[in-house]
Amino acid sequence: MKDTIKRYLLNNEVIVTAASTKNLVNEARVLHNTYPTCTAALGRTLTGTAMMASTSRDMDTLFTVTLNGGGPAGTVLATANGRGEVKGYIENPYVNIPARSDGKLDVGGAVGKDGYITVMRELGKGMEPYVGRTPLVSGEIAEDIAMYYLQSEQHPSIVYLSVWVDIDTTVIAAGGLIISPMPGASEETLSFIESQLFHIGNYGLMLMSMSVEECMQKIFAGGNLELLEERTPTYHCDCSVQRFERGIISLGSKEIQDMIDEDGQAEVVCRFCNKKYVFDKYHLQRLLDEAK
Ligand SMILES: [Zn+2]
């Protein structure tokens, strides 16, 4: 099944964003060689960030979500634009901790909750980015994003994120829901959503055998659902030789001279896709000339 992010209007007063992201989470797993708990932590962060960015009207607006919980996985970060292109990394992808007592992967244990979730929204070149930061609730990511919406944007929302990892460590299902009532939504609609919380909590499980459309029809049966738009999320890293050249030049001429003298080359690995770039002596010499 193809990855998708669909946005619906429920009963004319609630925006529901629904995502299925199995393929992109699997791609992230392969690129970063993550252990299952980290596959879930990174996958939830990528999915949540792609969903947040999908609400943007400007395709170039960049959303970056960073979780610093002080857990063994270290920093988890994802960046997405309005086109659905998303990339991310997890500082330590090899966290191996026991599952929780309910059998679920212990994402909160890996991420930790002693810190903050930071959301940065960059509207474009030359414009001040908007940065919001709230304390982590659990490190489980969905609850943390919900708290961010409530405290930083004063917009109460239900956020649900799910990544199911198979015994062979591949991703069987991944996706998420963000349910945002518009200001002034009726009591009737709000209690309807509340009555469907059980189904909402099973969305990840449903995604194993049903399309997003079918899940939505089941979760909100009896409600009036109107599809507003659809975007296709993809794992996309935009790193390039030029980008790393600029990075090396910014180190300054002394640093570059040291690289030439000591190693005769430089190796840089992109933290978003693990692609390796090697700069030989002649290449470094050219960058040194530019830095001077
Ligand atoms: Zn890259």
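Only a predicted model underlies this, so the values are computations on that prediction, with no experimental measurement involved. (Residues numbered from 1 in each chain as written. Predicted model: local features only at pLDDT ≥ 70, side-chain atom pairs only at ≥ 80, totals over all residues.)

Colleague: Sorry, what's going on with the domain arrangement of the protein chain here?
Modeller: The figure often quoted for interface size is the accessible area lost as the parts come together. Taken domain by domain, the protein chain consists of domain 1 (4-235) and domain 2 (241-291). Distance from the C-alpha centre of domain 1 to the C-alpha centre of domain 2: 36 Å. With five residues of domain 1 at the contact, the number on the domain 2 side is four residues. Where the side of domain 1 that touches domain 2 is concerned, the elements lending two or more residues are helix H1 (22-32) and strand E5 (85-90). (Domains from an automatic or database assignment. Contact = placed C-beta atoms within 7 Å. Helix = DSSP H or I, 4+ residues; strand = E, 2+ residues; numbered from the N terminus.)

Colleague: For this particular structure, what's the right way to read the packing of helix H9 (residues 241-249) against helix H11 (residues 281-291)?
Modeller: Packed helices, taken two at a time, are described by the angle their axes make and the gap between the axes. Interhelical geometry of H9 versus H11 gives an angle of 55° and a closest axis separation of 9 Å. Taken together, the axis directions place H9 and H11 in an arrangement best described as oblique. In this structure, H9 meets H11 at a crossing whose hand is right-handed. Residues Glu-245, Ile-248 and Ile-249 of H9 form the contact with H11, whose own contacting residues are Leu-287, Glu-290 and Ala-291. Broken down by class, the residue content of the contact of H9 with H11 amounts to four nonpolar, no polar and two charged. (Axes fitted to C-alpha atoms, helices over the stretch in contact; angles between N-to-C directions. Parallel < 35°, antiparallel > 145°, perpendicular 65-115°, else oblique. Left-handed = near helix turned anticlockwise from the far one by under 90°. Nonpolar A, V, L, I, M, F, W, Y, C, P; charged D, E, K, R; others polar.)

Colleague: What exactly am I supposed to notice about the sheet that holds strand E7 (residues 130-135) here?
Modeller: Two orientations exist for strands paired in a sheet by backbone hydrogen bonds: parallel and antiparallel. Across the sheet, which stays open at both edges, the six strands sit in the order E7-E6-E3-E4-E5-E11 with mixed pairing between neighbours. Sheet topology places E7 and strand E11 (234-235) at the edges, where each strand pairs with a single neighbour. Two strands pair when backbone bridges link them, and strand E6 (residues 116-122) and E7 are joined in this way by six bridges, in the antiparallel orientation. Directly across from Arg-121, in E7, lies its bridge partner Tyr-130. Packing against the sheet, helix H4 (residues 142-152) makes contact with strand E3 (62-68), E6 and E7, and its axis sits at approximately 115° to E7. (Pairing = 2+ DSSP bridges.)

Colleague: For this particular structure, what's the right way to read the nonpolar core?
Modeller: The tendency in soluble globular proteins is for nonpolar side chains to be buried side by side. By size, the foremost hydrophobic cluster in this structure holds 69 residues, and its most contacted members are Cys-38, Ala-41, Leu-46, Ala-50, Ala-73, Val-76 and Ile-145. Excluding anything up to four places from it in sequence, Ile-145 contacts Gly-48, Ile-117 and Val-159. The next biggest cluster of nonpolar side chains, apart from the first, holds six residues, and it includes Ile-248, Ile-256, Ala-266 and Leu-287. (Core = buried A, V, L, I, M, F, W, Y, C linked by C-beta atoms within 7 Å. Buried ≥ 20, exposed ≤ 12 C-beta atoms within 10 Å, placed from the backbone.)

Colleague: Hey, could you run me through the sheet that holds strand E2 (residues 14-20) in this one?
Modeller: Within the open sheet, the five strands sit side by side as E8-E9-E2-E1-E10. Their pairing is antiparallel. In the strand order of this sheet, the two ends are held by strand E8 (158-165) and strand E10 (225-231), each with one partner. Strand-to-strand twist of the sheet, defined as the mean angle between neighbouring strand axes without regard to direction, takes the value 15°. As paired elements, E2 and strand E9 (residues 171-181) share seven bridges and run antiparallel to each other. Residue pairing in the sheet places Ile-15 in a bridge with Ser-180 of E9.

Colleague: How should the environment of Gly-223 be read in this particular structure?
Modeller: One can find Gly-223 in the loop between helix H8 (212-219) and E10. Along the primary structure Gly-223 and Thr-189 are separated by 34 residues, whereas in three dimensions their C-alpha atoms are 8.5 Å apart. The contacts of Gly-223, once residues within four sequence positions are left out, are Leu-10, Asn-11 and Phe-192.

Colleague: How should I be thinking about unusual backbone geometry in this particular structure?
Modeller: Where the residue is not glycine, phi is negative for most of them; where a peptide bond is considered, it is trans in most cases. For Asn-12, which is not glycine, the phi torsion reads 65° and is therefore positive. Look at Asn-12 and you get exposed, because 11 C-beta atoms sit within 10 Å.

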